[in-house]
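In case you want the letters, here they are:
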Amino acid sequence: MSDTPTFDVAVVGLDAQRLRLIETVFRHLRYNRYAFRLAAPEAWASADLLIACVDDPAGRLALERARRADPWVPSIAVGDGPTPQGVRHAIRIGDLTRQLLPILNRLVELDALAPGRAA
């Protein structure tokens, strides 16, 4: 059993090809200090992290609902369109997999420091 903290990541609104790329990134996290597990898109409300494509209506809705439910929810807005107001982390679709791991690590670190969250 590993001592690496594991986080469930819900991905909403990305096409199958980009979802497979994210799964590939997760499988090759050998030297990362955190482990990430892909959750079902409908589990976004209970996931530890949310990746939502703002160019897709379902992704935009999941992001808006998550932010209303908990303004500190760690989330990444993905897309080529405008980033919704109040989103702390956004990335263009083309850069998603190349930059995903550093962003996930940063989100986990920020979440541990957020007011009202356990360290």
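Here is what the cut-offs are and how they apply
Residues numbered from 1 in each chain as written. Predicted model: local features only at pLDDT ≥ 70, side-chain atom pairs only at ≥ 80, totals over all residues. Heavy atoms only, no water. Phe/Tyr/Trp six-rings, centres within 6.5 Å; stacked < 30°, edge-to-face > 60°. Helix = DSSP H or I, 4+ residues; strand = E, 2+ residues; numbered from the N terminus. Buried < 20%, exposed > 50% of the residue type's maximum accessible area, 1.4 Å probe, protein only. Contact = heavy atoms within 4.5 Å. Pairing = 2+ DSSP bridges. Axes fitted to C-alpha atoms, helices over the stretch in contact; angles between N-to-C directions. Core = buried A, V, L, I, M, F, W, Y, C linked by side-chain atoms within 4.5 Å.

**Student:** Which residues make up the packing of aromatic side chains, and what are the values?
**Tutor:** Applying the stated rule across the entire model yields 2 aromatic pairs. Seen in terms of ring centroids, phenylalanine 7 and tyrosine 34 are 5.8 Å apart; in terms of plane orientation they differ by 75 degrees. Their pairing is edge-to-face. Remark: tyrosine 34 occurs in the loop between α1 (16-27) and β2 (35-39) and phenylalanine 7 occurs in strand β1 (residues 6-12); sequence separation between them is 27 residues. Of the two residues, phenylalanine 7 and tyrosine 34, both sit in the buried class. Here the aromatic cluster, defined as three or more aromatic residues joined through ring pairs, consists of Phe7, Tyr34 and Phe36.

**Student:** So what's going on with the side chain of serine 75? Residues and values would help.
**Tutor:** Among the structural elements, serine 75 can be located in strand β4 (residues 75-78). In this view, serine 75 contacts Leu50, Leu63, His89 and Leu107; residues no more than four positions away in its chain are not counted.

**Student:** How would you explain the sheet that holds strand β3 (residues 49-53) if you had to name every residue and give the values?
**Tutor:** With parallel pairing, the 5 strands of this open sheet are ordered in space as β2-β1-β3-β4-β5. Looking along the sheet, the strands with just one partner apiece sit at the ends: β2 and β5 (90-91). When β3 meets β4, the two strands line up parallel, connected through 4 bridges. Looking at the pairing, cysteine 53 lines up with valine 78 of β4. Relative to the sheet, α1 contacts β1, β2 and β3, its axis offset from that of β2 by approximately 150 degrees. Each of β1, β3 and β4 touches helix α2 (residues 57-69); the most contacted strand, β3, lies at about 140 degrees to it.

**Student:** With reference to specific residues and values, describe the nonpolar core.
**Tutor:** By size, the foremost hydrophobic cluster in this structure holds 21 residues, and its most contacted members are Leu14, Ile22, Phe36, Leu49, Ile51, Ile76 and Leu100. At the level of elements, β1, α1, β3, β4 and α3 (96-113) are the ones that each hand at least two residues to this core. When residues in this core are grouped by element, the largest group, 6 residues, is from α3. With sequence-adjacent residues up to four places away left out, isoleucine 51 is seen in contact with Val9, Ala10, Val11, Val12, Leu14, Ile22, Ile76, Val78 and Leu100. Core analysis: the next-biggest nonpolar cluster, separate from the first, contains 14 residues, Val54, Ala62, Ala66 and Val87 among them.

Keep in mind that these numbers describe shape and distance, not what the molecule does.
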